[in-house]
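# Observations on chain architecture
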Amino acid sequence: MNLALRYELTRLATVPATRVLVSVSVIGSLLVAVGLCFVLNQANTAETAAGASESLAVVLTRSPVTVFVAGLIGAMSLGHDYKFATIDVTMLVTPRRMRAFAAKALTVALCAVVLAVASLLIGWAVALAMLGTDVAGRASLGTLAQAQAGYVVFVAGWGLLGLALTRIFASQTFAILLLVIWPFVVEPALKGMTAALSWEPARAAAAYLPYAAGQAISSAPRAGVGSLYASAHAASPALAALAFAGLVCALIWSAAVMFRNRPVAM
Amino acid sequence: MTLIQARGLTKHFGDVAAVNDLSFDVSPGLVTGFLGPNGSGKTTTMRLMLGLEDGAGETLFDGRRYAQLERPASRVGVLLDARSLHPTRTARNHLRMVAQGSGIDCDRVEEVLAMVGLDEVADTKPKRFSLGMHQRLGLAASLLGRPDVLLLDEPANGLDPQGIVWLREVLRTHAAGGAAVLVSSHLLAEIEAVVDRVVVIGNGELIADDTLASFITSFGLSTVRVRTTKPRRLRAALARAGGDVEHAGGELLLVSSLDQRTVAQIAHAASCFVYELMTSTDNLERSFLRASRDRSAHVAVGATS
């Protein structure tokens, strides 16, 4: 397994596209954090303890860039192998199919965790610089720790979804499109439909759709009016974590079984 | 010293049997040529041997399947499709990647780059490579782990004459060192100079598994060329003796079914003055064409005649 991991890590590190995506994640996280801090400063939301926790969590975990980059890396980790027929090389180096897939999944998860941690560090640096160094003192560190841990899980899970969807749909392009369109088109459309139906169970369920659930586990919402999380507050973080992890595990397992049965040609 | 045993290899694409119950051995210390017409199943067979295709049968490398070998890519050097490279991963990085996954020291990467003559373009992306350079990089990857088995599919494709000479030396050197070498090629003249044995397939089925000399003897034809001042008289005499005689124009006769000495004796008895008498034996190419005449899936009209 060690050799398979080393192969996958080297494979990912030696493609220029990976370096481009990492740069996009870093720069994107920086720009989003600066933008959010600017808006929060205007609204003075970080003055109270709850406001400080929520504001920091928003700055640290609301950037969608890192989430999407993790998804793209997940899709590329298998999609490039098929697109350029390097899957033969992969399977010759690691001929045990489940081991090869597990190495890909671990590599994607590891890469996503590194990206998420880098994004959090950038968020902290920007928040302390723009919201003031005393904002951390007013915030609840326990709540923030939970939100940050949730964010790391969200990014890693989205990366794994990229890998799984690429194998399941046998298309890197379709997987990437789905990962990008889903949060901005499909989920809002579904939420709009459930809201229009005025059927409470459906509206509650809509809060646990994949991207919404991922956001819910990386949130630190305060109770009451004025929360920054207008759309995610209805989801319970614990249930959201279960829904998101369940979906990721189910899709990864399905993809692994498909890869074991037919790893080379799609 | 690794013995390769392929047993009962079978692969169907729909109703079509691409490989049908194919069994053969590849012995250590020998270069075995793997021959067959286009579409005969050579590449599919090699992929089956390595577990890259699902099918029936098994291939054992010293009693173990490829997937069961410890660090298989360092034991078995493989070249399949040389264009299977990421277009933006440099040659050096491609080899480093394979080395990392196979537990091979990265210093070896520089050695094989120099060996195949790609050291000066080691940091070039393969999208700028010619077919020959792709081939050299594929060969470099196959030699990375100093393997004791080489499975090479059309390794001479795109190589220049110097490259082909170099390839022959590599194959010979590895075989002399005890490696089992299986090499497929449609450049039969190139492969003839280096192979000890041949495995010939057609339509996915075994046609021959023999030494090169024995294969040519079995499937090749010996023809006696004789020039005489009296071709019509000699032709008649040879035909009466059971010879299969073709008048090739002028005073030249081509005789099969009779050996050179018999032809000379008949000419003497018939009082025919002979001023040229020699035997020509078919080469691998002609023997192969004859052996695979009825087993070619994709051939041009007249190509096997």
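Below is a short write-up of the structure. What you see is a predicted model, and the numbers here were worked out from it, not measured in a lab.

The rules behind each value
Residues numbered from 1 in each chain as written. Chains lettered and ligands numbered in written order. Predicted model: local features only at pLDDT ≥ 70, side-chain atom pairs only at ≥ 80, totals over all residues. Heavy atoms only, no water. Salt bridge = Lys/Arg side-chain N within 4 Å of Asp/Glu carboxyl O. Helix = DSSP H or I, 4+ residues; strand = E, 2+ residues; numbered from the N terminus. 1 Å grid on protein atoms, 1.4 Å probe; cavity = no way out; pocket = protein on both sides within 12 Å on 5 of 7 lines; lining within 4 Å. Points joined across faces, edges and corners; volume = space filled by probe spheres on them. Nonpolar A, V, L, I, M, F, W, Y, C, P; charged D, E, K, R; others polar. Contact = heavy atoms within 4.5 Å. Buried area = accessible area lost by both parts, 1.4 Å probe. Buried < 20%, exposed > 50% of the residue type's maximum accessible area, 1.4 Å probe, protein only. Pairing = 2+ DSSP bridges. Axes fitted to C-alpha atoms, helices over the stretch in contact; angles between N-to-C directions. Parallel < 35°, antiparallel > 145°, perpendicular 65-115°, else oblique. Left-handed = near helix turned anticlockwise from the far one by under 90°.

### Some remarks on the pattern of salt bridges
Per the counting criterion, the structure on display carries 20 salt bridges over all chains. Between B:Asp54 and A:Arg97 there is a salt bridge, and its shortest N-O distance comes to 2.8 Å. Residue B:Asp54 is found in the loop between helix H1 (42–49) and strand E4 (56–61), and its partner A:Arg97 is found in helix H6 (residues 97–131); the two belong to separate chains. Where B:Arg227 meets B:Glu276, a salt bridge forms, and the shortest distance between an N and an O atom there is 2.6 Å.

### Considerations on empty space enclosed by the protein
To find the voids left in a structure, one rolls a probe of water-molecule size over its atoms. Applying the stated criterion across every chain yields a total of five cavities of 30 Å³ or more. Along its surface, the largest cavity is lined by 20 residues, and A:Val89, A:Leu92, B:Val78, B:Leu79 and B:Ala141 are the ones closest to its centre. Those elements that place two or more of their residues in the lining of the largest cavity are helix H5 (87–93) of chain A together with strand E5 (76–79), helix H3 (91–102) and helix H5 (131–143) of chain B. By residue class, the composition of the lining of the largest cavity is 13 nonpolar, five polar and two charged. Surrounding the second largest cavity, B:Pro155, B:Ala156, B:Ile164, B:Leu167, B:Arg168, B:Leu171, B:Val183, B:Ser185, B:Glu190, B:Ile191 and B:Val194 form its lining. Listing elements by their share of the lining of the second largest cavity, those giving two or more residues are helix H6 (161–176) and helix H7 (188–192) of chain B. Counting residues per element, the lining of the second largest cavity draws most heavily on H6(B), which supplies four residues. Split into classes, the residues belonging to the lining of the second largest cavity amount to eight nonpolar, one polar and two charged.

### Overview of the interface of chain B and chain A
A common measure of how large an interface is: the accessible area buried when the components associate. On the side of chain A, 22 residues touch chain B, which itself brings 30 residues to the contact. Taking both sides of the interface into account, the surface hidden between chain B and chain A amounts to around 2300 Å²; carbon and sulfur atoms contribute 59%. On the chain B side of the interface with chain A, the three residues burying the most area are B:Leu52, B:Met97 and B:Gln100, jointly 23% of the side's total. Remark: the boundary between chain B and chain A carries two salt bridges. Listed by contribution, the elements that provide at least two residues to the side of chain B that touches chain A are helix H2 (72–75) and H3 of chain B. If you tally residues by element for the side of chain B that touches chain A, the top one is H3(B), at eight residues. Class assignment for the residues of the side of chain B that touches chain A results in twelve nonpolar, eleven polar and seven charged.

### With respect to helix H11 (residues 210–217) of chain A
All names here are of chain A. Where burial is concerned, most of H11 is hidden: eight out of the eight residues are buried. For H11, the set of buried residues is Pro210, Tyr211, Ala212, Ala213, Gly214, Gln215, Ala216 and Ile217. Residues of H11 that are buried sit in contact with helix H4 (64–83), helix H8 (141–168), helix H9 (172–197), helix H10 (200–206) and helix H12 (237–261).

### Section: the sheet that holds E4(B)
Residues and elements named next belong to chain B. If you walk across this open sheet you meet the three strands as E2-E1-E4, and the pairing is antiparallel. Two strands close off the open sheet at either side, each with one partner strand: strand E2 (16–26) and E4. Strand-to-strand twist of the sheet, defined as the mean angle between neighbouring strand axes without regard to direction, takes the value 15°. Pairing between strand E1 (residues 4–13) and E4: five bridges, direction antiparallel.

### Side note on the packing of H3(B) against H5(B)
Residues and elements named next belong to chain B. For the pair H3 and H5, interaxial distance at closest approach is 10 Å and the crossing angle is 25°. Regarding the angle of H3 to H5, the classification is roughly parallel. In the packing of H3 onto H5, the handedness of the crossing is right-handed. Contacts between H3 and H5 involve Ala91, His94 and Leu95 on the former and, on the latter, Leu137, Ala140 and Ala141. Among the residues making up the contact of H3 with H5, the classes are represented as five nonpolar, one polar and no charged.

### Some points on the sheet that holds E5(B)
Strand pairing in a sheet takes place through backbone hydrogen bonds and is either antiparallel or parallel in direction. Residue and element names in this part refer to chain B. On the basis of which strands lie adjacent, the open sheet formed by six strands has the order E5-E6-E7-E3-E8-E9 and mixed pairing. Only two strands of the sheet have a single neighbouring strand rather than two, namely E5 and strand E9 (205–211). When strand polarity is set aside, the average angle formed by the axes of neighbouring strands in this sheet is 10°. As defined by bridge partners, E5 adjoins strand E6 (residues 149–153) across four bridges and the pair is classed as parallel.

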